[in-house]
Amino acid sequence: MELNIGKHYSKYPGGRKKSSGEFSGEHFLESCLGEFYKKAFDANENLTIILDGLYGYPSSFLEESFGGLVRINKDKGKDVLDRLEFVSKENPLLIERIENYMRNALNG
Amino acid sequence: MPKNQHLDRYKKNQLNRENALKKNISRLKEYAINSDILRKIHIKVPERLNFVSSNYETTQFFSNILANVKTMNRSSEKMIVDLLEVSEFNSEVIVYFISIIDLLSINNVNFAGNLPRLPELSTELGRYGIQNHAKVRKRLDLDLDRLCVFPGSKVDVKVAGGISDFVQKAYNLNPNKCKILYSTLIELMDNTNSHAYNKVETDLLFPENWYICVRNFDDHVAISFLDIGEGIPRTIKRRGLEHLSSKHSDLIESTLKGDFSRTKTGLAYRGYGLTETYKNYSVEKQFDELEIISGKGYCRFDDFERTKVIKDELDEYVNGTIFKWKLYKKEIENGT
């Protein structure tokens with residue numbers, strides 16, 4: 001299963017919380033990423049996330065959405081990191097950043 | 001006539017009298033504002049407006065405005081801001097001044113002012129769009145190709161995207177730098193929205209806005225981002241002896257470098273925004289000449305040794321936080 005953030009959600013990632021404005025990490029998690037992850041999990045598939053094509057990658061947005069996905073699922077014993085694959089031709093270092101947020105959320 | 005009818009007529013007359021009185025008061029207020037009846041409070045703007053080189057005079061000027069807003073009688077007094085003798089100012093002070101004008105408006109302060117005697121400074125003020133915030137009699141033109149001021153609240157992805165597009169088109173900027181610029185603006189907007197005005201004193205209404213100024217020079221783009229909230233030193237978590245004494249510039253440096261989680265939310269995963277911004281300057285070298293003013297702290301970073309901070313403690317407290325940085329055309333052309 002594939003989630004292209006720019007196509008399926010928005011090219012304009014925002015801040016952390018919904019209260020801070022549109023296209024926040026919290027909103028992305030609830031309205032898009034969480035649903036894609038659930039579908040992939042139920043179908044026992046991996047979820048490939050395309051990061052290219054966005055205006056930027058604010059850390060609050062990335063932490064709240066990807067870190068948040070880990071926080072929601074770790075109590076259910078699901079290993080989110082194993083099921084997600086990231087693709088970024090524009091900025092490969094971004095993948096490491098996101099995975100760090102996810103690992104911190106797992107250990108936090 | 002039945003008793004109830006008398007009562008109804010009495011109530012109707014009473015209501016008419018009250019409405020007429022309200023109308024008269026409002027006409028009188030309007031007349032007073034437009035004429036010279038209101039007692040005037042004159043506030044003189046210092047000759048040089050600069051938070052660093054003329055820190056005392058500049059902060060005293062803004063403190064004086066705020067102190068007068070608190071004590072003045074807003075229905076019988078009018079504030080006159082006298083800019084006539086101003087001979088020098090920089091971007092962030094003018095944008096800060098615009099934010100203070102917005103504060104005056106939302107606090108229903110009657111205010112007026114004049115323009116600097118020097119025509120080039122008057123024209124320059126116009127370029128900042130001061131006429132969009134206060135009534136200006138003289139015709140002042142915006143110069144949107146060279147200078148834009150964006151006020152806003154919350155995280156505004158369209159403003160951040162628009163600035164990023166503008167800079168890319170103007171300088172054919174490397175796309176990665178544009179993404180960093182976009183992300184930096186979003187982080188600063190988010191910080192303003194989440195922390196800057198949380199503890200701000202309540203006897204005045206604050207616009208709770210951020211302001212971004214983008215200036216387009218021949219060899220670089222200069223960006224300033226500011227708010228007039230509590231400032232970094234008052235909004236971060238302090239530890240140990242920092243409660244007793246700590247230089248504001250040290251607190252700013254420590255917050256940027258992410259020495260430990262300073263977010264007051266108490267959540268370990270919060271507080272990435274400023275450290276990421278600093279990393280984009282110091283490690284990724286995605287922008288230049290970073291400067292931060294907040295409270296009494298002033299931090300300027302050395303572009304040759306990017307983790308080295310030139311710190312200074314200002315004499316007077318600057319309410320809010322000012323971030324400034326530059327994107328040089330030369331570097332942009334080299335694609336670095």
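Residues numbered from 1 in each chain as written. Chains lettered and ligands numbered in written order. Predicted model: local features only at pLDDT ≥ 70, side-chain atom pairs only at ≥ 80, totals over all residues. Heavy atoms only, no water.

What follows concerns the overall build of chain B. The number of helices and strands found in chain B is 10 helices and 10 strands. Long-range pairs, those at least 24 residues apart, make up 68% of the contacts in chain B with a sequence separation of at least 6. (Helix = DSSP H or I, 4+ residues; strand = E, 2+ residues; numbered from the N terminus. Contact = heavy atoms within 4.5 Å.)

Moving on to the overall build of chain A. Scanning chain A from terminus to terminus reveals 5 helices and 3 strands. The N-to-C order of helical and strand elements in chain A reads β-α-α-β-α-α-β-α. By the compact-globule yardstick of 13 Å for 108 residues, chain A fits well, its C-alpha radius of gyration being 13 Å. By principal-axis analysis of the C-alpha atoms, chain A measures approximately 35 × 30 × 25 Å. Of all 108 residues assigned to chain A, the portion counted as buried reaches 56%. Expressed as a percentage of contacts within chain A between residues at least 6 apart in sequence, the contacts between residues at least 24 apart total 70%. For chain A, the exposed surface amounts to about 4900 Å²; the carbon and sulfur share of it is 48%. Chain A carries 15 positive and 17 negative side-chain charges, and their two centres are separated by 2 Å. (Rg over C-alpha atoms; globule rule 2.2 N^0.38 Å. Buried < 20%, exposed > 50% of the residue type's maximum accessible area, 1.4 Å probe, protein only. Areas by Shrake-Rupley, 256 points an atom, 1.4 Å probe, with all protein chains shown as cover. Lys, Arg positive; Asp, Glu negative; His and termini not counted. Charge placed at Lys NZ, Arg CZ, Asp CG, Glu CD.)

All names here are of chain B. Here helix 5 (residues 157–171) is 15 residues long and its end C-alpha atoms lie 21 Å apart, about the 21 Å a rise of 1.5 Å per residue gives. When helix 5 is considered as a whole, its buried residues turn out to be Val157, Val159, Ala160, Gly161, Ile163, Ser164, Val167 and Tyr171. Near the N-terminus of helix 5, the side chain that reaches the backbone nitrogen of Lys158, with its oxygen 3.1 Å away, is that of Asp156. Just past helix 5, the residue Asn172 takes up positive phi, approximately 50 degrees. (Expected span 1.5 Å × (residues − 1). Polar contact = N/O pair within 3.5 Å; in protein donor to acceptor, adjacent residues only side chain to side chain.)

Next up on the list: the sheet that holds strand 8 (residues 220–227) of chain B. Either a parallel or an antiparallel arrangement is found when strands of a sheet pair, and the pairing is made through backbone hydrogen bonds. Residues and elements named next belong to chain B. If you trace the 5 strands from one edge of the open sheet to the other, you get 6-7-8-10-9, paired in antiparallel fashion. Strand pairing shows two members of the sheet lacking a second neighbour, strand 6 (147–152) and strand 9 (288–301), which therefore form its edges. If you compare each strand with its neighbour and ignore which way they point, the axes differ by 20 degrees on average. Sheet topology places strand 6 next to strand 7 (residues 210–216); 6 bridges connect them, and they run antiparallel. (Pairing = 2+ DSSP bridges. Axes fitted to C-alpha atoms, helices over the stretch in contact; angles between N-to-C directions.)

All names here are of chain B. Here helix 2 (residues 55–71) contains 17 residues, and its C-alpha end-to-end distance of 24 Å stays within 8% of the 24 Å for a straight helix at 1.5 Å per residue. For helix 2, the full list of buried residues reads Asn55, Thr58, Thr59, Phe61, Phe62, Ile65, Leu66, Asn68 and Val69. Against strand 1 (39–44), strand 2 (48–49), strand 3 (77–82), helix 3 (91–106) and strand 10 (309–328) lie the buried residues of helix 2.

For the rest of this paragraph, the subject is the pattern of salt bridges. Residue and element names in this part refer to chain B. A full pass over the atoms with the stated rule returns 20 salt bridges over all chains. Of the charged contacts in the structure, one is a salt bridge between Glu253 and Lys257, with a shortest N-O distance of 2.8 Å. With Glu253 and Lys257 both in helix 8 (residues 248–257) and 4 residues apart, the pair spans about one turn of that helix. Relative accessible area serves as the criterion here: at 15%, Glu253 is assigned to the buried category. Linking Arg306 and Asp288 is a salt bridge whose minimum nitrogen-to-oxygen distance equals 2.5 Å. (Salt bridge = Lys/Arg side-chain N within 4 Å of Asp/Glu carboxyl O.)

At the interface, 22 residues of chain B touch 26 residues of chain A. Taking both partners together, chain B and chain A bury about 2100 Å²; carbon and sulfur atoms supply 50% of that area. Run the count over chain B and chain A and you get 2 salt bridges. Close ionic contact of Arg97 of chain A with Glu276 of chain B constitutes a salt bridge, the shortest N to O distance being 3.5 Å. Linking chain B with chain A are 12 residue pairs in polar contact (both at pLDDT 80 or more), by the criterion used here. Breaking the side of chain B that touches chain A down by element, the ones donating at least two residues are helix 5, helix 6 (175–196) and helix 9 (273–282) of chain B. In terms of residue class, the side of chain B that touches chain A is made up of 7 nonpolar, 7 polar and 8 charged. (Buried area = accessible area lost by both parts, 1.4 Å probe. Nonpolar A, V, L, I, M, F, W, Y, C, P; charged D, E, K, R; others polar.)

This part takes up the nonpolar core. Residue and element names in this part refer to chain B. Of all hydrophobic cores here, the largest spans 48 residues; its most connected members are Phe61, Ile65, Met79, Tyr96, Phe97 and Tyr128. The dominant element in this core, judged by the number of residues it contributes, is helix 3, at 10 residues. Sequence-distant contacts of Tyr96, defined by excluding residues within four places in its chain, comprise Phe51, Phe62, Leu226, Asp227, Ile228, Val318, Asn319 and Ile322. If you look at the next biggest cluster of nonpolar residues, it comprises 40 residues, including Ile163, Ile186, Phe287 and Trp325. (Core = buried A, V, L, I, M, F, W, Y, C linked by side-chain atoms within 4.5 Å.)

Residue and element names in this part refer to chain B. Two elements in contact, helix 2 and helix 3, have axes whose closest approach is 11 Å; the angle formed by their N-to-C orientations is 5 degrees. In terms of axis orientation, helix 2 runs roughly parallel to helix 3. Where helix 2 approaches helix 3, its residues Thr58, Phe61, Phe62, Ile65, Leu66 and Val69 are matched on the opposing element by Val93, Tyr96, Phe97, Ile100, Leu103 and Leu104. Classifying every residue of the contact of helix 2 with helix 3 gives 11 nonpolar, 1 polar and no charged. (Parallel < 35°, antiparallel > 145°, perpendicular 65-115°, else oblique.)

Here the focus is the packing of aromatic side chains. Evaluation of the coordinates by the stated rule reveals 20 aromatic pairs over all chains. Aromatic side chains Phe287 of chain B and Trp325 of chain B sit 5.6 Å apart centroid to centroid with 45 degrees between the ring planes, which places their arrangement in the tilted category. With Phe287 of chain B in the loop between helix 9 and strand 9 and Trp325 of chain B in strand 10, this residue pair connects regions lying 38 residues apart in the sequence. Of the two residues, Phe287 of chain B and Trp325 of chain B, neither departs from the other in class, the shared state being buried. Joined through ring pairs, the aromatic side chains of Tyr9, Phe23, Phe28, Phe61, Phe66 and Phe86 of chain A make up one cluster. Above the face of the Tyr12 of chain A ring, Lys158 of chain B is positioned so that its terminal group lies 5.4 Å from the ring centre. One Lys or Arg, Arg306 of chain B, reaches over the ring of Tyr281 of chain B and ends 4.6 Å from the middle of that ring. (Phe/Tyr/Trp six-rings, centres within 6.5 Å; stacked < 30°, edge-to-face > 60°. Lys NZ or Arg CZ within 6 Å of the ring centre and 35° of its normal.)

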